[in-house]
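Now for the letters of each chain:
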Amino acid sequence: MNIVKAVSFKVASTLMFAVMGAQVRYLAGAYPEGQVAFFRSVFALIPILVVFGWRGQLKGALRTERPSDHLLRGVFSVVGTFATFAALARIPIADFTAIAFASPLITVIFAAVFLKEKVHAYRWSAVAFGFCGVILMLMPYFRDHAALTASMIVGILFALTNAFTAGGASIQIRRLTATETTSSIVIFMTLLVLLVSLLTAPFGWRMPSTWQDVAILAGIGIAGGLGQIFFTDSYRFAPASFLAPFDYTAMLWAFLLGYWFFGEVPTLYVVIGAIVVAGAGIFVILRERYLGLKRLRDTPVAAIATMADDEENPDAPVSDEARAA
């Protein structure tokens, strides 16, 4: 445990992802989503390869006995990446970020449906409460039909799509961490997004008109790659259940960047709705922590010793009990 490092890395990851989103928002659809996704993947490889190479974690990163599971996780990432860029080109950063907060609640639904996890009334009530917050955030769009343009409708749908794919990716990552290393999961995902986005080249890619656009496209990838690294590193120093609430600092960065660069001021509905969704998400997180500690107390001493040995190698596959703790 190193609380300072863990929180610093976690907050830094939310900042990097917000910076990435601000740069996508700045381009405002000037380039096709596939082209932006390609630059994001290519330049994300720079910090990813440098950091994992420096740590000696690249050896065997592309060896796996579960290619189909990596492919499914990659599909979620591909759809989520395209949906993210399409949404940010159409709606304010704060609105997109607030809608994305529904992802942990969607993960609960997916866990019940696909992993057959037993979900009790506490978590179902939190899911229902959280989705009420999402509806509250969208109220201004529903009430002001004149402001609800076709572009905004598409942006909202893409933002919701991103939230669902993020929930699906979380479930798939939970499966993969049982046998796969962090470097393997990150690199396979990045390469798949790169390859799929490259296939869109014949469908309207544009030559960047200025060097500033080139720098922004590169910045999107570097910020995204650093965000992934900081996100992963934060969990090397503290449990997931402790760090999860710090995901919601993303809303602060979204407010600041949206106002600073674009003059976007979130509505009161968005602020209150974000608080409702965040509260529901934190409730689910705390409930998971309680259940995880309960399972750990019920785990035999020999299994706990094995989990302690696993901590000596943070890049090794993680057991369900250790992850719950």
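Counting starts from 1 at the beginning of each chain's written sequence and moves along it residue by residue. Owing to the predicted nature of the model, reporting of local features is limited to residues with pLDDT of at least 70; listing and counting of side-chain atom pairs is limited to 80 or more, with chain, interface and lining totals taken over all residues. Computation of side-chain values: all heavy atoms of the structure, hydrogens and water removed.

Engineer: If you had to explain the overall build of the chain to someone new, which residues and values would you point to?
Structural biologist: Working definition: helices are DSSP H or I runs of at least four residues, strands are E runs of at least two. Numbering for both runs from the N terminus. For the chain, the count of helices and strands is 14 helices and 0 strands. Each helix (α) and strand (β) of the chain, taken in turn from the N terminus, gives the series α-α-α-α-α-α-α-α-α-α-α-α-α-α. Think of it in three bands: residues with accessible area under 20% of the maximum for their type are buried, residues over 50% are exposed, and the middle band is partly exposed, with areas taken using a 1.4 Å probe on protein chains only. With 325 residues in all, the chain has 44% of them scored as buried. Residues count as neighbours in contact if any of their non-hydrogen atoms are within 4.5 Å of one another. Taking contacts inside the chain between residues at least 6 apart in sequence as the whole, the part at least 24 apart equals 88%. Surface accessibility follows the Shrake-Rupley procedure with a 1.4 Å probe radius. Residue values consider only the protein chains on display as shielding. Carbon and sulfur atoms form 71% of the exposed surface of the chain, whose accessible area is close to 15900 Å².

Engineer: So, the pattern of salt bridges: which residues are in play, and what are the values?
Structural biologist: Between Lys or Arg on one side and Asp or Glu on the other, a salt bridge is scored when a side-chain nitrogen of the former is within 4 Å of a carboxyl oxygen of the latter. What the rule picks out here adds up to 3 salt bridges. Its salt-bridge partner being Arg 90, residue Glu 33 comes within 3.5 Å of it at the nearest N-O pair. Residue Glu 33 is located in helix H2 (residues 33-54), and its partner Arg 90 is located in the loop between helix H3 (67-88) and helix H4 (93-100); the two are separated by 57 residues in the primary sequence. Judged by its relative accessible area of 23%, Glu 33 is partly exposed. Overall, the relative accessible area of 28% leaves Arg 90 in the partly exposed class. One salt bridge in this structure joins Arg 66 and Asp 69, with 2.8 Å as the shortest N-O distance.

Engineer: I'd love a proper account of the packing of aromatic side chains, names of residues and values included.
Structural biologist: The geometry of an aromatic ring pair is captured by two quantities: the separation of the ring centres and the angle between the planes. Aromatic rings from Phe, Tyr and Trp, with only the six-membered ring used for Trp, were paired whenever their centres fell within 6.5 Å, and each pair was classed as stacked if the ring planes differed by under 30 degrees, edge-to-face if by over 60, and tilted otherwise. Counted according to the given criterion, the structure contains 7 aromatic pairs. Look at Phe 261 and Phe 262: their rings are 6.3 Å apart centre to centre, the planes differ by 50°, and that puts the pair in the tilted class. What makes Phe 261 exposed here is its relative accessible area of 51%. One aromatic cluster in this structure is built from Phe 38, Phe 39, Phe 43 and Trp 205.

Engineer: Please give an account of the nonpolar core that cites residues and values.
Structural biologist: Nonpolar side chains tend to gather and get buried jointly when the protein is soluble and globular. To define a nonpolar core, start from buried Ala, Val, Leu, Ile, Met, Phe, Trp, Tyr and Cys residues and group those joined through side-chain atoms within 4.5 Å. Counting 57 residues, the largest nonpolar core has Val 36, Phe 85, Phe 101, Ile 220 and Met 251 as the members making the most contacts within it. Take this core: its biggest share by element is 6 residues, from helix H12 (residues 268-297). The residues contacting Phe 85, other than those within four sequence positions of it, are Met 20, Val 24, Glu 33, Val 36, Ala 37, Arg 40 and Ile 220. Residues Ala 44, Phe 52, Ala 61 and Ile 187 belong to the second largest nonpolar core, which totals 8 residues.

Engineer: Help me get a handle on helix H5 (residues 103-114), residues and values and all.
Structural biologist: Side chains three or four residues apart in an α-helix point the same way, a direct result of the helix having 3.6 residues per turn. With 12 residues, H5 ought to run about 16 Å at 1.5 Å a step, and its terminal C-alpha atoms sit 16 Å apart, in line with that. After H5 finishes, the residue Lys 116 shows a positive phi value of roughly 60°. What a helix should span is 1.5 Å times the count of its residues minus one.

Engineer: Explain the side chain of Arg 66 residue by residue, including any values.
Structural biologist: Tracing the sequence through the fold places Arg 66 in the loop between H2 and H3. Judged by relative accessible area, which is 18%, Arg 66 ranks as buried. In contact with Arg 66, other than residues within four places in its own chain, are Arg 175, Leu 176, Thr 179 and Glu 180.

Engineer: Can you tell me about empty space enclosed by the protein, naming the residues and giving the values?
Structural biologist: Two kinds of site are reported from a 1 Å grid over the protein atoms alone, namely cavities, where a 1.4 Å probe fits but cannot get out, and pockets, open sets with protein on both sides within 12 Å along at least five of seven lines, and residues are called lining when an atom falls within 4 Å of a point. Grid points are joined across faces, edges and corners, and a volume is the space filled by probe spheres set on the points. Overall, the coordinates contain 1 cavity of 30 Å³ or more when judged by the stated rule. Around the largest cavity sit Val 24, Leu 27, Ala 28, Gly 29, Ala 30, Tyr 31, Pro 32, Glu 33, Val 36, Phe 85 and Ala 89, which together line it. Elements represented by at least two residues in the lining of the largest cavity include exactly helix H1 (3-27) and H2.

Engineer: Pulling in residues and values, what's your account of the packing of H2 against H3?
Structural biologist: Where helices are involved, their axes are fitted lines through C-alpha atoms of the stretch in contact, as for all axes, and angles between N-to-C directions lie from 0 to 180°. Interaxial distance between H2 and H3 falls to 9 Å at its minimum, and their mutual angle equals 115°. When you trace H2 past H3, the crossing you get is right-handed. Of the residues in H3, those touching H2 at Glu 33, Gly 34, Val 36, Ala 37 and Arg 40 are Thr 81, Phe 82, Phe 85 and Ala 86. Here the contact of H2 with H3 is composed, by residue class, of 5 nonpolar, 2 polar and 2 charged. Here a crossing is called left-handed whenever its near helix is offset anticlockwise from the far helix by less than a right angle, and right-handed whenever the offset is clockwise. Classification used: nonpolar for Ala, Val, Leu, Ile, Met, Phe, Trp, Tyr, Cys and Pro, charged for Asp, Glu, Lys and Arg, polar for all others including Gly.

Engineer: Could you give me a rundown of a nonpolar patch on the surface, with the residues and numbers involved?
Structural biologist: Like-charged residues within 9 Å of one another, or nonpolar side chains (Val, Leu, Ile, Met, Phe, Trp, Tyr) within 5 Å, are grouped into patches, provided each residue has over 30% relative accessible area and no salt bridge. On the surface, a nonpolar cluster with roughly 300 Å² of combined accessible area is contributed by Leu 71, Leu 72, Val 75 and Val 79. Summarising the element assignment, Leu 72 is placed in helix H3.

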